[in-house]
Amino acid sequence: MPFNVSGILFLIALLGVWQLAMSAGIFTSTFLPEPREIGSSIVDLTESGEMTSNLWHTVYVTLIGWALAGLIGLAIGLLVGLSLEAWRYSMASLEFFRALPGIAFVPVAVLLFGFSVKMELIVVTYVSVWPVLVNAVHGVRQVTPLHNDVARMMGMGRLARIRRFVIPTMAPFVAVGLQISLALSLALALVAEMVGNPTGVGQALIVAQNTLHPEEMFAYVVVIGLVGVLLNWGFLKLLDHGFPGTMASERQPL
Amino acid sequence: MTVAADQAQPVGSPVFACDGLSIEFQTPAGPKRVLERVDLAVAAGEFVSIVGQSGTGKSTLLRVLGGLERAGDGSTVLHRGKPVSGPPDGVIMVFQDYRGSLLPWRTVEKNVVLGLEGKGSAAERKEKCQQALELVGLADRAKDHPWRLSGGMQQRVQIARALAVQPEVMLMDEPFGALDAMTKEQLQDELLTVHAATGATIVFVTHDIEEAIYLSDRVLVLADAPARVTTELAVDLPRPREQVSTKEMPEYLRLRQAAYSALRGPDHGDD
């Protein structure tokens with residue numbers, strides 16, 4: 001991923017304007033800190049170790065929940081996509097649960113599983129499963145009739161067809177699903193920490209809000225934003241490195 | 001009109017034998033009969049073309065031979081004496097849509113090796129793949145992805161993929177229909193070379209009469225609705241064939257006229 005230099009310069013310029021406006025007294029607010037204050041708050045929180053431990057917890061839950069969601073979504077997606085029976089019986093329920101906003105389950109999960117990491121993981125996994133699952137089902141169905149004919153003429157059995165046709169065909173769709181899920185996992189980890197599990201960046205944000213420390217809130221927001229960007233970047237790197245062919249069909253000129 | 005006097009009798013045990021082959025498709029307007037009592041026999045090593053206008057059921061006939069489509073009740077379709085109930089061993093199909101038939105996520109050589117996977121040793125697979133690519137002149141593009149190749153090259157890859165499994169029979173469904181005239185002629189000549197080199201039986205579906213005559217030992221004309229083999233032409237042109245001189249032979253011109261008349265009815269004559 002090449003760095004968008006002009007884009008980054010623009011962002012820095014925006015920060016500069018914000019800082020200048022506040023230093024010059026053109027614009028003041030009790031609860032909107034100066035970029036300078038946010039910066040020093042990030043340094044303070046990092047030095048005290050709070051930032052690192054909160055961040056570590058949130059990222060840990062995000063990644064574990066995301067990985068679980070990926071495995072479960074892929075497995076169910078393959079099953080539903082490949083078996084007409086599974087499709088017939090499950091699609092109505094899948095559509096229902098998918099359409100139901102996952103956040104609605106957060107209070108339910110707190111009640112069921114208590115204020116725990118388990119609750120947080122369940123919420124993250126539950127919500128993140130859907131993009132992978134739905135894209136996997138869709139991906140399986142993208143195997144063309146012509147490819148099926150090719151496989152049949154070569155005398156391939158079911159397993160060979162899944163390995164040589166179904167999985168490569170669905171891979172780009174699953175990759176997109178995983179990318180969306182990663183962002184969702186981070187978001188849901190934060191929500192779960194705000195509501196239920198008293199730790200992590202989500203909880204730290206609530207504490208900073210309650211103790212009227214806007215610069216700390218912004219410090220966490222900035223850092224978690226950067227983490228989100230980094231996770232997405234890392235995922236794309238991993239994809240390109242580990243599965244260089246995954247997007248090959250997409251690079252095909254139309 | 002029929003050219004009964006020209007009919008060639010295939011020698012040896014037939015690779016394919018169809019007797020009273022009929023096919024019906026279910027349409028919203030009720031069942032539609034596409035093929036009606038088609039009889040045909042294809043001998044080993046023969047190059048047979050099936051011509052007909054679009055929608056006559058040529059491709060359907062080919063798909064029945066390849067076991068991709070089931071023939072209607074009362075039809076007999078035999079491959080080497082056994083009823084066809086799925087793609088028979090040693091029979092491979094080359095499709096018109098080369099782009100859709102290749103696997104875009106695989107390189108050229110990985111596409112060619114597809115039919116060999118799980119069979120033989122890695123060294124054997126590599127060698128067969130290499131040979132097939134050399135036969136179609138694409139050995140130097142082995143590591144490319146198909147979308148980097150022109151249409152003609154992509155079709156060569158598909159042909160190489162078919163050749164790699166060393167098929168007894170190649171069923172070719174309008175393989176050059178989507179190519180420009182020059183590429184088409186090139187590929188026709190390459191196919192003739194491959195046919196001579198491998199001795200494979202080829203059943204070739206096309207709507208191009210000249211192509212059919214140029215390539216084949218025998219041309220079957222499918223016409224009428226539902227379609228049947230109305231005319232059978234034995235092509236007695238010397239091999240190897242050559243794009244210019246073969247097409248200037250009186251026999252070629254006679255066959256061409258006969259085929260056109262068979263397709264359009266006798267009133268049209270030659271064009």
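Residues numbered from 1 in each chain as written. Chains lettered and ligands numbered in written order. Predicted model: local features only at pLDDT ≥ 70, side-chain atom pairs only at ≥ 80, totals over all residues. Heavy atoms only, no water.

1. Quick look at the overall build of chain B
Scanning chain B from N- to C-terminus turns up eight helices and ten strands. Relative to the globule expectation of 18 Å for 271 residues, the C-alpha radius of gyration of chain B, 19 Å, shows essentially globular dimensions. With the C-alpha coordinates aligned to their principal axes, the bounding extent of chain B is approximately 55 × 45 × 40 Å. Of all 271 residues assigned to chain B, the portion counted as buried reaches 52%. Contacts in chain B between residues far apart in sequence, at least 24 positions, make up 67% of those at least 6 positions apart. As presented, chain B carries roughly 12,000 Å² of accessible surface, and 49% of it is formed by carbon and sulfur atoms. (Helix = DSSP H or I, 4+ residues; strand = E, 2+ residues; numbered from the N terminus. Rg over C-alpha atoms; globule rule 2.2 N^0.38 Å. Buried < 20%, exposed > 50% of the residue type's maximum accessible area, 1.4 Å probe, protein only. Contact = heavy atoms within 4.5 Å. Areas by Shrake-Rupley, 256 points an atom, 1.4 Å probe, with all protein chains shown as cover.)

2. Brief notes about the packing of helix α6 (residues 117-140) of chain A against helix α8 (residues 158-195) of chain A
Residue and element names in this part refer to chain A. One way to put it is that α6 packs onto α8 with a least axis distance of 7 Å and a crossing angle of 160 degrees. On the basis of the axis angle, α6 is roughly antiparallel to α8. Note on packing geometry: the crossing formed by α6 with α8 is right-handed. Of the residues belonging to the contact of α6 with α8, the class tally is 19 nonpolar, eight polar and two charged. (Axes fitted to C-alpha atoms, helices over the stretch in contact; angles between N-to-C directions. Parallel < 35°, antiparallel > 145°, perpendicular 65-115°, else oblique. Left-handed = near helix turned anticlockwise from the far one by under 90°. Nonpolar A, V, L, I, M, F, W, Y, C, P; charged D, E, K, R; others polar.)

3. Structural notes on the side chain of Ser128(A)
Here Ser128(A) is to be found in helix α6. Not counting chain neighbours up to four residues away, the residues in contact with Ser128(A) comprise Ala69(A), Ser181(A), Leu184(A) and Ser185(A).

4. Structural notes on the interface of chain B and chain A
Listed per partner, the contact involves 25 residues of chain B and 19 residues of chain A. When the buried area of chain B at its contact with chain A is split by residue, Leu68(B), Trp105(B) and Trp147(B) rank highest and sum to 32% of it. Taken together, chain B and chain A are joined by two salt bridges. We note a salt bridge from Asp149(A) to Arg63(B), for which the minimum N-O separation is 2.8 Å. Seen at the junction of chain B and chain A, the total is five residue pairs in polar contact (both at pLDDT 80 or more). Contributing elements (two or more residues each) for the side of chain B that touches chain A: β6 (91-94) and α2 (98-101) of chain B. (Buried area = accessible area lost by both parts, 1.4 Å probe. Salt bridge = Lys/Arg side-chain N within 4 Å of Asp/Glu carboxyl O. Polar contact = N/O pair within 3.5 Å; in protein donor to acceptor, adjacent residues only side chain to side chain.)

5. Focus: the pairing of strand β2 (residues 30-43) of chain B
Residues and elements named next belong to chain B. As defined by bridge partners, strand β1 (residues 14-27) adjoins β2 across ten bridges and the pair is classed as antiparallel. Each bridged residue has a counterpart across the sheet, and for threonine 27 the counterpart in β2 is glycine 30. Linking two consecutive strands that pair antiparallel, namely β1 and β2, is a turn of two residues. (Pairing = 2+ DSSP bridges.)

6. Examining the side chain of Ser216(B)
Residue and element names in this part refer to chain B. Summarising the element assignment, serine 216 is placed in the loop between α7 (209-215) and β9 (218-223). Within the local environment of serine 216, its side chain forms a polar contact with the backbone oxygen of alanine 212, the two atoms lying 2.5 Å apart. Contacts of serine 216, omitting those with residues within four sequence positions, involve Phe47, Val48, Ser49, Val235, Arg239 and Arg241.

7. Structural notes on the nonpolar core
Counting 102 residues, the largest nonpolar core has Leu21(B), Leu35(B), Val112(B), Met170(B), Leu171(B) and Leu191(B) as the members making the most contacts within it. With ten residues, the single largest contributor to this core is α8(A). Among residues more than four places away in sequence, those in contact with Leu21(B) are Leu35(B), Glu36(B), Arg37(B), Val38(B), Leu61(B), Val64(B), Ala71(B), Ser75(B) and Val77(B). (Core = buried A, V, L, I, M, F, W, Y, C linked by side-chain atoms within 4.5 Å.)

8. What to know about the packing of α8(A) against helix α9 (residues 200-210) of chain A
Residues and elements named next belong to chain A. One can describe the packing of α8 onto α9 by two numbers: an axis separation of 6 Å at closest approach and a directional angle of 50 degrees. In terms of their interaxial angle, α8 and α9 are classed as oblique. α9 is crossed by α8, and the crossing has right-handed handedness. From α8, Leu190, Glu193 and Met194 reach across to α9, where they touch Gly200, Val201, Gly202, Gln203, Leu205 and Ile206. The residue makeup of the contact of α8 with α9, split by class, is five nonpolar, three polar and one charged.

9. As for the environment of Ile206(A)
Residues and elements named next belong to chain A. If you trace the backbone, isoleucine 206 turns up in helix α9. Given a relative accessible area of 24%, isoleucine 206 falls into the partly exposed group. Sequence separation between isoleucine 206 and phenylalanine 113 is 93 residues, and the spatial gap between their C-alpha atoms is 21 Å.

10. Here's the deal with the domain arrangement of chain B
Residue and element names in this part refer to chain B. Here chain B is partitioned into domain 1 (14-90 + 169-266) and domain 2 (98-166). Each of domain 1 and domain 2 was reduced to a C-alpha centroid, and the two centroids are 25 Å apart. The interface of domain 1 with domain 2 comprises twelve residues on the first partner and ten residues on the second. Our count for the domain 1 to domain 2 interface comes out at one salt bridge. (Domains from an automatic or database assignment.)

11. Structural notes on α9(A)
What α9(A) keeps buried is the set Gly200(A), Val201(A), Gly202(A), Gln203(A), Ala204(A), Leu205(A) and Ala208(A). Where α9(A) is buried, its residues touch α3 (50-82), α8 and α10 (214-242) of chain A.

12. Observations regarding unusual backbone geometry
All names here are of chain B. Residue proline 226 follows alanine 225 across a cis peptide bond; omega there is -10 degrees. By the secondary structure assignment, proline 226 is in the loop between β9 and β10 (228-234). Of the consecutive residues arginine 239 and proline 240, the connecting peptide bond is found in the cis state with omega at -5 degrees. Structurally, the position occupied by proline 240 is in the loop between β10 and α8 (250-264). In the Ramachandran plot, arginine 80 falls in the positive-phi region, its phi being about 50 degrees despite a non-glycine side chain.

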